[in-house]
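Below, each chain spelled out in residue letters.
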Amino acid sequence: MPKEVVQKGFFGIGVYQVKRSENIGTLWRSAYILGASFIFTVDKKYKRQPSDVLKTWRNIPLYHYDTIEDLYKALPYDSRLVGIEMGDEVPELKDFDHPMRAVYLLGAEDNGLPPKIIEKCHHLVKLKGNHSLNVAVAGSILLHDRAEKMDLGLPEFDYTSKRKGRT
Ligand SMILES: C[S@@+](CC[C@H](N)C(=O)[O-])C[C@H]1O[C@@H](n2cnc3c(N)ncnc32)[C@H](O)[C@@H]1O
């Protein structure tokens, strides 16, 4: 009988107009541990941050898009843009079916995701709480939920082959 290839999909996660690099350093760390294929910023470049102890940008691509339109153009084939934002009508994470190929987008610490971007998202999802969470915390909870629901495997870490001189 022919073997079937297990579809694992992929996901990327990023932040629009992030203000604090230490926040996304923390987010990149979670993203890598929880299986992200890529990470990105939109309209604000990431500066190296010690909070990303794994130096995630060494292991998966870190993209920067100057504008939100650049992100739309770069969305991988047949992927879905998922906005993470609070709102009365927004579905809760517990009821959310993650797309196999997802690009998750979080908003800035001060202003969140603007309505014009929210309109363009294929899906929106919110986390519990009556006040906004820290952006890295929100992204980490979201990705943990994906890992739990989809159970598609996570990156392995090799702690024995620490080689000097590699950047
Ligand atoms: C600190 S919050 C922005 C708060 C902003 N002052 C506002 O009221 O929209 C930064 C980002 O974290 C994410 N976030 C925080 N709490 C969330 C929640 N409960 N549900 C969904 N996203 C959340 C969203 O992506 C949000 O844009």
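The structure this text deals with has already been given above.
Residues numbered from 1 in each chain as written. Predicted model: local features only at pLDDT ≥ 70, side-chain atom pairs only at ≥ 80, totals over all residues.

## Notes on the site of the ligand
Reasoning step 1: What surrounds the ligand is a group of 17 residues, the closest being Leu106, Gly107, Gly112, Leu133 and Ala138.
Reasoning step 2: In the shell around the ligand, the residues fall into eight nonpolar, five polar and four charged. (Near = placed C-beta within 6 Å. Nonpolar A, V, L, I, M, F, W, Y, C, P; charged D, E, K, R; others polar.)

## Observations concerning the pairing of strand S4 (residues 80-84)
Reasoning step 1: When S4 meets strand S5 (residues 101-106), the two strands line up parallel, connected through four bridges. By the bridge assignment for S5, arginine 80 is matched with alanine 102.
Reasoning step 2: Where S4 lies against strand S6 (residues 123-125), three bridges are found, and the strand directions are parallel. Bridged to isoleucine 84 within S6 is valine 125. (Pairing = 2+ DSSP bridges. Helix = DSSP H or I, 4+ residues; strand = E, 2+ residues; numbered from the N terminus.)

## With respect to unusual backbone geometry
Reasoning step 1: Positive phi, close to 50 degrees, is recorded for lysine 55, a residue that is not glycine.
Reasoning step 2: Its location among the elements puts lysine 55 in the loop between strand S2 (38-42) and strand S3 (62-65).
Reasoning step 3: Here aspartate 78, not a glycine, exhibits a phi torsion of approximately 60 degrees, which is positive.
Reasoning step 4: Within the fold, aspartate 78 resides in the loop between helix H2 (68-74) and S4.
Reasoning step 5: For aspartate 78, a count of 8 C-beta atoms within 10 Å gives the class exposed. (Buried ≥ 20, exposed ≤ 12 C-beta atoms within 10 Å, placed from the backbone.)

## Side note on helix H4 (residues 135-150)
Reasoning step 1: In a regular helix each residue adds 1.5 Å, so 16 residues correspond to 22 Å; H4 covers 23 Å between its end C-alpha atoms and thus fits that length.
Reasoning step 2: Within H4 the residues assigned to the buried category are Val135, Ala136, Ala138, Gly139, Ser140, Leu142, Leu143 and Arg146.
Reasoning step 3: Tucked into the core, H4 has its buried residues touching strand S1 (10-16), helix H1 (21-33), S4 and S5.
Reasoning step 4: With its phi angle positive at about 50 degrees, aspartate 151 sits one or two positions after the end of H4. (Expected span 1.5 Å × (residues − 1). Contact = placed C-beta atoms within 7 Å.)

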